[in-house]
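# A closer look at the structure
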Amino acid sequence: VLVDDLVIMNWDNEYQSSMFALDAATGATVWQSPRDEPTTWATPLIIQRGGKKQIVTNGTNAIAGYDLRSGKRLCASAGTTLNAIPCPVEFGENVICMAGYRGNRAVSLKIGAAGEPQLNWELDKGTPYVPSPLLVENRLYFTQSNKAILHCLNAETGSYFYPPQRLQALENLYGSPVAANGHVYLADRSGNTLVFRDAEEFEVLATNRLDDQFDASPVPIGNKLLLRGKQHLYCIQE
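Of all six residues making up strand β19 (residues 192–197), five are buried, and the element is well covered by its neighbours. The antiparallel hairpin formed by strand β18 (residues 183–187) and β19 contains four residues in its connecting segment, where Gly 191 sits at a positive phi of about 100°. With five bridges connecting them, β19 and strand β20 (residues 204–209) associate as antiparallel partners. The partner of Leu 194 across the bridge, within β20, is Thr 207. The turn joining β19 and β20, which pair antiparallel and follow one another in sequence, is formed by six residues.

In a beta sheet, neighbouring strands are held together by backbone hydrogen bonds and run either parallel or antiparallel to one another. Taken in spatial order, the four strands line up as β1-β2-β3-β4 in an open sheet, and their pairing is antiparallel. On the outer flanks of this sheet lie β1 (2–3) and β4 (29–35), each paired with one strand and no other. Summarising the sheet, strand β3 (residues 17–23) and β4 pair through six bridges and their orientation is antiparallel. Paired with Phe 20 across the two strands is Gln 32, which belongs to β4.

As a further point, take the packing of aromatic side chains. Tallied over the full model, the rule gives six aromatic pairs. Look at Tyr 141 and Phe 196: their rings are 5.8 Å apart centre to centre, the planes differ by 65°, and that puts the pair in the edge-to-face class. Of this pair, Tyr 141 sits in strand β14 (residues 139–143) while Phe 196 is found in strand β19, placing the two residues 55 residues apart along the sequence. Phe 196 shares its class with Tyr 141; the two are buried. Look at Phe 196 and Phe 202: their rings are 5.5 Å apart centre to centre, the planes differ by 50°, and that puts the pair in the tilted class. Phe 196 gets classed as buried once you look at its relative accessible area, which sits at 0%. An aromatic cluster is defined as three or more aromatic residues linked by ring pairs; in this entry it consists of Tyr 141, Tyr 162, Phe 196 and Phe 202.

Our next topic: the sheet that holds strand β16 (residues 160–166). Taken in spatial order, the four strands make up an open sheet running β13-β14-β15-β16, and their pairing is antiparallel. At either margin of the open sheet sits one strand with a lone partner, and together these are β13 (134–136) and β16. Within this sheet the neighbouring strands show an average axis-to-axis angle of 15°, counted without direction. When β14 meets strand β15 (residues 149–154), the two strands line up antiparallel, connected through five bridges. Bridge assignment links Tyr 141 to a residue of β15, and that residue is Cys 152.

Before going further, it helps to examine the side chain of Asp 188. Relative to the assigned elements, Asp 188 resides in the loop between β18 and β19. No salt bridge is formed by the buried Asp 188. Its closest oppositely charged neighbour is Arg 209, at 5.6 Å. A polar side-chain atom of Asp 188 sits 2.9 Å from the main-chain amide nitrogen of Ser 190.

By size, the foremost hydrophobic cluster in this structure holds 14 residues, and its most contacted members are Tyr 141, Leu 150, Tyr 162, Leu 167, Leu 170 and Phe 196. If you list the elements that add at least two residues to this core, you get β13, β15, β18 and β19. If we ignore the near neighbours within four places in the chain, the residues touching Phe 196 are Tyr 141, Leu 150, Tyr 162, Gly 182, His 183, Val 184, Phe 202, Glu 203, Val 204 and Leu 205. If you look at the next biggest cluster of nonpolar residues, it comprises twelve residues, including Ile 8, Ala 21, Ala 62 and Ala 76.

Basis of the calculations
- Residues numbered from 1 in each chain as written.
- Predicted model: local features only at pLDDT ≥ 70, side-chain atom pairs only at ≥ 80, totals over all residues.
- Heavy atoms only, no water.
- Buried < 20%, exposed > 50% of the residue type's maximum accessible area, 1.4 Å probe, protein only.
- Helix = DSSP H or I, 4+ residues; strand = E, 2+ residues; numbered from the N terminus.
- Pairing = 2+ DSSP bridges.
- Phe/Tyr/Trp six-rings, centres within 6.5 Å; stacked < 30°, edge-to-face > 60°.
- Axes fitted to C-alpha atoms, helices over the stretch in contact; angles between N-to-C directions.
- Lys, Arg positive; Asp, Glu negative; His and termini not counted.
- Salt bridge = Lys/Arg side-chain N within 4 Å of Asp/Glu carboxyl O.
- Polar contact = N/O pair within 3.5 Å; in protein donor to acceptor, adjacent residues only side chain to side chain.
- Core = buried A, V, L, I, M, F, W, Y, C linked by side-chain atoms within 4.5 Å.
- Contact = heavy atoms within 4.5 Å.

Dropping the structure here:
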């Protein structure tokens, strides 16, 4: 993730995991902070607390916060699952992390300028393996494992807006849901894209199909939707 003049790179692996800050102009290492983690894949999240920026990472052993400028570990809480892939999202003073490989865990943690994170709510079922969650206002969308089962929670309380929905039009998923213009778009690995309303009640608006495979998330830009398939890059526009 690029922030100010730094590129933050989380390098978790099976040998010696570390967090790096690189100079964005030169690539030189500004700092390196060792981590006690097996392989993870989540992109770090940048938050601001007490006038200073922090890096928050999803992880198997710990959800941890680091000072942006020094790399010092500021706080940590129990981790999610093995192969933590979904990226964290920020809701007010809380950071929400989840993972779903060989287990299920989602947590909402209040993270301050210093000290241990405080647990707001947690969930032990239905969490995603590869796709990341989508947060729109207080609506938290995520899919179950890599399956076409949609969950929609109140990000403040962790309670469900509506029961989990089996998305009959979709198959296995790697891409994450994205939102644009009151709609949520979700593309599967078989070329199907489901469009449903961004709301506290579930309503399917459209199902579209292209003869391709989609592992990447859709990207809305203005009135266009970009889809990167195995064969082609598509631009959908009115």
